[in-house]
Amino acid sequence: MFVVTGASSGIGRAVTVALAERDQSVLAVARDSTRLLELPTKYPLVTAIAADLLTAEGVRQVVDACAPHSSIAGIVHAAGTLIEPQAFGSIDTVVLLDEMRVHVMAPIELNQQLQALLSRIVFLDSYSSNDLRVGWAAYSIVKAAAQMAARSAAEELKHVQVIRAFPGAVRTPLVDAVLNSPADSPTRRTFRALQAKGKLYPPDEIGGWIAWLLLDTSDEELTARPTWQYGETF
Ligand SMILES: NC(=O)c1ccc[n+]([C@@H]2O[C@H](COP(=O)([O-])OP(=O)(O)OC[C@H]3O[C@@H](n4cnc5c(N)ncnc54)[C@H](OP(=O)(O)O)[C@@H]3O)[C@@H](O)[C@H]2O)c1
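Note that the structure is a prediction, hence the values are computed from the model and not measured.

Student: Can you tell me about the overall build of the protein, naming the residues and giving the values?
Tutor: Helix and strand counts for the protein stand at nine helices and nine strands. Taking 2.2 N^0.38 as the reference for a compact globule, 234 residues should give roughly 17 Å; the C-alpha atoms of the protein span a radius of gyration of 17 Å, in line with that estimate. In terms of overall dimensions, the protein has a C-alpha envelope of 50 × 40 × 35 Å along the principal axes. Within the protein, counting contacts between residues at least 6 apart in sequence, those at least 24 apart form 66% of the total. A total of about 11,100 Å² of accessible surface is found on the protein, and carbon and sulfur atoms cover 54% of it. A distance of 6 Å separates the average location of the 20 positive side-chain charges in the protein from that of its 25 negative side-chain charges.

Student: Help me get a handle on helix α5 (residues 137-156), residues and values and all.
Tutor: In this model α5 runs 28 Å from its N-terminal to its C-terminal C-alpha over 20 residues, within 8% of the 28 Å that 1.5 Å per residue would give. Of the positions making up α5, those classed as buried are Ala137, Ala138, Tyr139, Ser140, Val142, Lys143, Ala146, Gln147, Ala149, Ala150 and Ala153. Those residues of α5 hidden inside the fold are in contact with α4 (93-114), β5 (120-124) and β6 (161-166).

Student: Residue-level account of the packing of helix α3 (residues 56-66) against α4, with values.
Tutor: Contact pair α3 / α4: the axes reach a minimum separation of 10 Å and the direction vectors enclose 35 degrees. When the axes of α3 and α4 are compared, the crossing they make is right-handed. Listed contacts from α4 to Ala56, Val59, Val62, Val63 and Cys66 of α3 are Arg101, Ala106, Glu109, Leu110, Gln113 and Leu114. Partitioning the contact of α3 with α4 into residue classes produces eight nonpolar, one polar and two charged.

Student: Provide a residue-level description of α3, including the pertinent values.
Tutor: Of the positions making up α3, those classed as buried are Gly58, Val59, Val62, Val63 and Cys66. Viewed along the axis of α3, the buried residues span an arc of 135 degrees, placing them on a single side of the element.

Student: I'd like a description of the site of the ligand, backed by residues and values.
Tutor: The ligand sits among 33 residues. The nearest are Ser9, Arg31, Tyr139, Val170 and Thr172. Aspartate 32 places a polar main-chain atom, nitrogen or oxygen, 2.9 Å from an oxygen atom of the ligand. Separating a nitrogen atom of the ligand from a backbone N or O atom of leucine 53 is a distance of 2.8 Å. For the ligand, whose free accessible area comes to 880 Å², the fraction covered by protein is 94%. Of all the elements in the fold, those that place two or more residues in the shell around the ligand are α1 (10-21), α4, α5, β7 (169-170) and α6 (173-179).

Cut-offs and rules
- Residues numbered from 1 in each chain as written.
- Predicted model: local features only at pLDDT ≥ 70, side-chain atom pairs only at ≥ 80, totals over all residues.
- Heavy atoms only, no water.
- Helix = DSSP H or I, 4+ residues; strand = E, 2+ residues; numbered from the N terminus.
- Rg over C-alpha atoms; globule rule 2.2 N^0.38 Å.
- Contact = heavy atoms within 4.5 Å.
- Areas by Shrake-Rupley, 256 points an atom, 1.4 Å probe, with all protein chains shown as cover.
- Lys, Arg positive; Asp, Glu negative; His and termini not counted.
- Charge placed at Lys NZ, Arg CZ, Asp CG, Glu CD.
- Expected span 1.5 Å × (residues − 1).
- Buried < 20%, exposed > 50% of the residue type's maximum accessible area, 1.4 Å probe, protein only.
- Axes fitted to C-alpha atoms, helices over the stretch in contact; angles between N-to-C directions.
- Left-handed = near helix turned anticlockwise from the far one by under 90°.
- Nonpolar A, V, L, I, M, F, W, Y, C, P; charged D, E, K, R; others polar.
- Arc of directions from axis to C-beta.
- Near = heavy atom within 4 Å.
- Polar contact = N/O pair within 3.5 Å; in protein donor to acceptor, adjacent residues only side chain to side chain.

Below you can see the structure in the form of structure tokens.
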């Protein structure tokens, strides 16, 4: 059994579908129950659970749903939102704290509470965690914190394989929101340039790649590499 958060959209949804199409059971987690429930209707191996990972109750719901299982083959942390581009001088710190909760704290808590059952953990890493781009600080701050959580987990959770996956730019609602934003920004320019070069990947390609990392790579291969980048390896 796999757990995928952020399963109602984008990369999380694509991973859920890719795993189910390879005959794997998936516990699919997100808030929007309407979009989530499309998954078990189409893929009987998927169980959907509507939970808000902003809240302690949401994290508990996921842990409780895992309790009947004696092992979890992997968890994919794909819940998250794109933070509206904002100047550093006017970052909304209330929103920043919520994003920290979903991208950083909820994965840490799920890893802690499920660690005895888990074999593999996938973190969706981002070049934004290192790149400095005007207007993009809030997202970068959150992704940098998430990256350090992933690196710490890799170092300290010795019995778990931690996979830091860089999917590149993926054509999800998160990226569409930037592409279609009326205001010019360095990030919109970057995404439009990638789009022109055909380097905005469809989510199903990334879903297939993450399923490959989870199902077709050995522990030795995973141990040998601290990060995985789409395009280099698949
Ligand atoms: N797209 C890219 O190019 C890219 C590149 C590198 C890394 N990433 C990372 O990949 C992850 C997924 O991104 P994406 O592009 O697939 O985004 P997306 O299409 O917007 O999907 C985000 C998912 O997270 C869920 N979610 C948001 N807030 C939640 C909450 N409080 N509780 C539970 N679920 C919540 C959303 O569902 P509900 O609204 O139904 O809850 C949705 O299913 C993010 O961590 C992102 O930083 C993306």
